[in-house]
Amino acid sequence: MAAAPSAAKTEPLSECERGRLAARKTGGCGLIGMLACVASIGGIFPLVVVALEPEGLSWGAAVAIAFAVVCGLGLIAFVTANADDRVEADAAARIKLIVTGRIVQMPTDSSDGGPPSRCLWVVVDGGPSRPLIFQADEALYRAVRIDDAVRIAYVPNSMTIIQLRTAGYEYSICDDGEAGEKRPA
């Protein structure tokens, strides 16, 4: 859990914000991903055993592969549950923290082979020099720049941005349309 910056104010979450947080739980998507992984491994593993059975694959290797598969699936379930727990804790706490600061970095990472992960690193005014790190959807990421002064309302456990304002833009998870939609301020 991230510590709340000393310069943060708190406000209650609205019903819309709590609903949007609940919608961000990954449990369903994680379960579907895990089932797809089990199905693909369940189909590939027997083929490998059949293809290499007579001389190529020992029982020890088969047990090692099965153990690795179980450990991998357990890791997927753990990560998914951990992310869901943080979102649930934020919804249960029913508060958002509000800080002002400046965007200092905007790195992207696509090392997992999927779509790039976009981050905003924000140094809080009057807070610690260590930046707060937030995931940002593509529309929000494209609308802000390094050195933009920002006012951010966020929930501290999952570090989900509830609202973000710059001099020229405003973002809210409760905007009409898509949750990540940007609109001029």
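Cut-offs applied
Residues numbered from 1 in each chain as written. Predicted model: local features only at pLDDT ≥ 70, side-chain atom pairs only at ≥ 80, totals over all residues. Heavy atoms only, no water. Pairing = 2+ DSSP bridges. Helix = DSSP H or I, 4+ residues; strand = E, 2+ residues; numbered from the N terminus. Phe/Tyr/Trp six-rings, centres within 6.5 Å; stacked < 30°, edge-to-face > 60°. Buried < 20%, exposed > 50% of the residue type's maximum accessible area, 1.4 Å probe, protein only. Polar contact = N/O pair within 3.5 Å; in protein donor to acceptor, adjacent residues only side chain to side chain. Contact = heavy atoms within 4.5 Å. Salt bridge = Lys/Arg side-chain N within 4 Å of Asp/Glu carboxyl O.

1. Some words on the pairing of strand S7 (residues 160-165)
Here comes step 1: Bridge count for strand S6 (residues 149-155) against S7 is five bridges, and the pairing is antiparallel. What sits directly across from Arg151, in S7, is Arg165.
Here comes step 2: Counted along the chain from S6 to the antiparallel partner S7, the turn is four residues long, and its residue Met159 has a positive phi close to 55°.
Here comes step 3: The sheet contact formed by S7 and strand S8 (residues 169-172) spans three bridges and is antiparallel. Bridge pairing in S8 links Arg165 to Glu170.
Here comes step 4: Taking the residues between adjacent antiparallel strands as the criterion, S7 and S8 are bridged by three residues.

2. Thoughts on unusual backbone geometry
Here comes step 1: For Asp147, which is not glycine, the phi dihedral falls at a positive 80°.
Here comes step 2: When you line up the elements, Asp147 lands in the loop between helix H4 (138-143) and S6.
Here comes step 3: One non-glycine residue, Met159, adopts positive backbone phi at about 55°.
Here comes step 4: Mapped onto the secondary structure, Met159 falls in the loop between S6 and S7.

3. Some thoughts on the packing of aromatic side chains
Here comes step 1: In total, this model carries one aromatic pair according to the counting rule given.
Here comes step 2: Pairing Phe134 with Tyr154 gives two aromatic rings, centres 5.1 Å apart and planes at 70°, and the pair type is edge-to-face. Placement of Phe134 in strand S5 (residues 132-135) and of Tyr154 in strand S6 is noted, with a sequence separation of 20 residues between them. The pair Phe134 / Tyr154 is uniform in exposure class, with both members buried.

4. Observations regarding the environment of Ala93
Here comes step 1: Relative to the elements of secondary structure, Ala93 occurs in helix H3 (residues 59-93).
Here comes step 2: When the C-alpha positions of Ala93 and Arg18 are compared, they lie 9.9 Å apart, and in sequence the two are 75 residues distant.

5. Looking at the side chain of Glu17
Here comes step 1: As for its placement among the helices and strands, Glu17 is situated in helix H1 (residues 15-23).
Here comes step 2: The exposure class of Glu17 is buried, given its relative accessible area of 3%.
Here comes step 3: A polar contact of 2.9 Å, which involves the side chain of Glu17, links it to the side chain of Lys96.
Here comes step 4: Leave out the neighbours within four places in its chain, and Glu17 touches Pro12, Lys96, Ile162, Gln163, Ile173 and Cys174.

6. Side note on the pattern of salt bridges
Here comes step 1: Taken as a whole and assessed by the stated rule, the structure comprises four salt bridges.
Here comes step 2: Arg118 is the partner of Glu138 in a salt bridge, and the nearest nitrogen-oxygen pair spans 4.0 Å. Of this pair, Glu138 sits in helix H4 while Arg118 sits in strand S4 (residues 117-124); the two residues are 20 residues apart in sequence, bridging distant segments of the chain.
Here comes step 3: Of the charged contacts, one joins Glu170 and Arg165 as a salt bridge, the two residues approaching to 2.9 Å between their closest N and O atoms.
Here comes step 4: Residue Arg165 is classed as partly exposed on the basis of its relative accessible area of 38%.
Here comes step 5: Among the charged side chains, a network of salt bridges with common partners joins Arg118, Glu138 and Arg142.

7. Notes on the pairing of S6
Here comes step 1: Extensive coverage of S6 is indicated by the burial of five of its seven residues.
Here comes step 2: Relative to S6, strand S2 (residues 95-105) is paired through six bridges, and the arrangement is antiparallel. Counterpart to Val99 in the pairing with S6 is Ile152.

8. Let's talk about the environment of Met106
Here comes step 1: Structurally, the position occupied by Met106 is in the loop between S2 and strand S3 (108-109).
Here comes step 2: Residues Met106 and Ile133, spaced 27 residues apart in sequence, show a C-alpha to C-alpha distance of 9.4 Å.
Here comes step 3: Setting aside residues up to four positions removed in sequence, Met106 forms contacts with Cys119, Leu120, Tyr141, Val144, Arg145 and Ile146.

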